[in-house]
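Residue-level listing of the chains:
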Amino acid sequence: MLAMATPVNGHKIALVTGANKGIGYEIVRGLARQQMTVLLGCRDMARAENAAGQLAKEDFAAIPLHLDVTRPETIAAAAAQIDASYGKLDVLVNNAGIAREWQFKPSQVDLSLIKEIYGTNLLGPVAVIQAMLPLLLRSPAGRIVNVSSSLGSLALTSDPASPLSQLPCLGYSSSKAALNAVTVQFANELRGTPVKVNAVCPGYVATDLNNHSGPRTPEQGARIAIQMATIPQDGPTGGYFNEDGRIPW
Ligand code: NAP
């Protein structure tokens, strides 16, 4: 069973992956502010506990949960713990992501690096969705948010007039384009159920992922994921959004 008490009746349960810092931490904060019980899915429990401690100072209920999206045994154990503690999951935010190739042109990037990026950014979310889906289907309003990037947009990255076409990142860009396709696949499978599945781009946010080069704050970056995690039943599914609206695929 998870460390903290079962939430008050009616509280929503949310799981955010990669929750100990950056945009993920702020997504947790935003969902906790909406009275959700939020599970901090983190590969390093010391970092998870540190983040939960910071959130506790603001009286936000956030519970550390060991989850490395590249390790199936931790995903299965996390799903079993959520099942035993709550019996359902209302919100899943697939936020964990890596990008380690800004310095390489497509012709230079090593295949092993591409595989590593796909493992975290693409196969990780697929594995987590598959494991959590039975729990999400027990929610009256399950929501899945995949944190993608506008670098996953073929329309934008193929436009020579767009600054996004000037940024070589073969593994990262293609992992997020594939994550967009994964979003559509699950949305299609789940049409006719209460579960909605959408992809979001947080914008260019100052985090460790880009050596803090982005102009937006993590709190700003978290907004669209929080919004799509809490859309009403007549809201969209199978879409790709940033704070300004739909993004072209
Ligand atoms: P970040 O500060 O580097 O945070 C990434 C988080 O993912 C960390 O908590 C990290 O944990 C976690 N993580 C990495 N590999 C993991 C794994 N195997 N299992 C579980 N957690 C793992 O980056 P960020 O900018 O907040 O990125 C969050 C998401 O936003 C990513 O999906 C990224 O692609 C997307 N995004 C970011 C930007 C931007 O401008 N920053 C723009 C578009 C999209 P550790 O601390 O243990 O490493």
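Anything mentioned here points back to the structure above.
Residues numbered from 1 in each chain as written. Predicted model: local features only at pLDDT ≥ 70, side-chain atom pairs only at ≥ 80, totals over all residues. Heavy atoms only, no water.

Explanation requested: the overall build of the chain in the structure shown.
Broken down by element type, the chain carries seven helices and eight strands. Taken over the C-alpha trace, the chain has a radius of gyration of 17 Å; the compact-globule value for 249 residues is 18 Å, and the two agree within 12%. C-alpha atoms of the chain, sized along the principal axes, occupy 50 × 40 × 30 Å. Across the chain, the fraction of contacts at a sequence separation of at least 24, relative to all contacts at a separation of at least 6, is 71%. Taken together, the 20 basic and 19 acidic charged side chains of the chain have centroids lying 2 Å from each other. (Helix = DSSP H or I, 4+ residues; strand = E, 2+ residues; numbered from the N terminus. Rg over C-alpha atoms; globule rule 2.2 N^0.38 Å. Contact = heavy atoms within 4.5 Å. Lys, Arg positive; Asp, Glu negative; His and termini not counted. Charge placed at Lys NZ, Arg CZ, Asp CG, Glu CD.)

I'm lost on the site of the ligand in this one. Help?
Neighbouring the ligand are 29 residues; R43, R47, N95, Y172 and T207 lie closest to it. The backbone of G203 places a nitrogen or oxygen atom 3.3 Å from an oxygen atom of the ligand. Between the ligand and T207, the relevant distance is 2.6 Å, taken from an oxygen atom to a side-chain nitrogen or oxygen of the residue. Here the ligand, which alone exposes 900 Å², has 95% of that area covered by the protein. For the ligand, the cavity whose grid points lie within 2 Å of the majority of its atoms is the largest pocket. Breaking the shell around the ligand down by element, the ones donating at least two residues are α1 (22–33) and α6 (170–190). Across the shell around the ligand, the residue classes break down as 11 nonpolar, 12 polar and six charged. (Near = heavy atom within 4 Å. Polar contact = N/O pair within 3.5 Å; in protein donor to acceptor, adjacent residues only side chain to side chain. Areas by Shrake-Rupley, 256 points an atom, 1.4 Å probe, with all protein chains shown as cover. 1 Å grid on protein atoms, 1.4 Å probe; cavity = no way out; pocket = protein on both sides within 12 Å on 5 of 7 lines; lining within 4 Å. Sits in = over half its atoms within 2 Å of the grid points. Nonpolar A, V, L, I, M, F, W, Y, C, P; charged D, E, K, R; others polar.)

Looking at this structure, how should I read helix α4 (residues 111–136)?
Quick reminder: α-helices carry 3.6 residues per turn. Residues three or four places apart thus point the same way. If you check α4, its first and last C-alpha atoms are 35 Å apart, about what 26 residues at 1.5 Å a residue would give, namely 38 Å. The principal kink in α4, of about 40°, is found at L123, preceding the proline P125 by one to four residues. (Expected span 1.5 Å × (residues − 1). Bend = angle between axes of the 7 residues up to and from the residue.)

It is not clear to me how the pairing of strand β4 (residues 91–94) should be interpreted in this structure. Could you clarify?
The side-chain alternation of β4 yields two buried faces, one formed by V91 and V93 and the other by L92 and N94. Bridge analysis of strand β1 (residues 13–17) against β4 gives three bridges, and the strand direction is parallel. Within the sheet, the bridge partner assigned to L15 lies in β4 and is L92. As paired elements, β4 and strand β5 (residues 143–147) share four bridges and run parallel to each other. (Buried < 20%, exposed > 50% of the residue type's maximum accessible area, 1.4 Å probe, protein only. Pairing = 2+ DSSP bridges.)

Help me out: how do you make sense of the packing of aromatic side chains in this one?
Under the defined criterion, the tally for this structure stands at two aromatic pairs. Taking 5.0 Å as the distance between ring centres and 20° as the angle between the ring planes, the aromatic pair formed by Y240 and W249 counts as stacked. Owing to a relative accessible area of 1%, Y240 belongs among the buried residues under this scheme. (Phe/Tyr/Trp six-rings, centres within 6.5 Å; stacked < 30°, edge-to-face > 60°.)

I keep staring at the pattern of salt bridges and nothing clicks. Help me out?
Counting across every chain of the model gives 10 salt bridges. The salt bridge partner of E73 is R71, with a shortest N-O separation of 2.9 Å. In this structure E73 comes out as partly exposed when scored by relative accessible area, which is 45%. Using a relative accessible area of 35% as the deciding quantity, one classes R71 as partly exposed. Between E116 and R100 there is a salt bridge, with the nearest N and O atoms lying 2.2 Å from each other. (Salt bridge = Lys/Arg side-chain N within 4 Å of Asp/Glu carboxyl O.)

I keep staring at the environment of P232 and nothing clicks. Help me out?
One can find P232 in the loop between α7 (218–229) and β7 (240–242). Distance in space between the C-alpha atoms of P232 and A141 is 8.1 Å, their sequence separation being 91 residues. Setting aside residues no more than four positions away along its own chain, P232 makes contact with R143 and K196.

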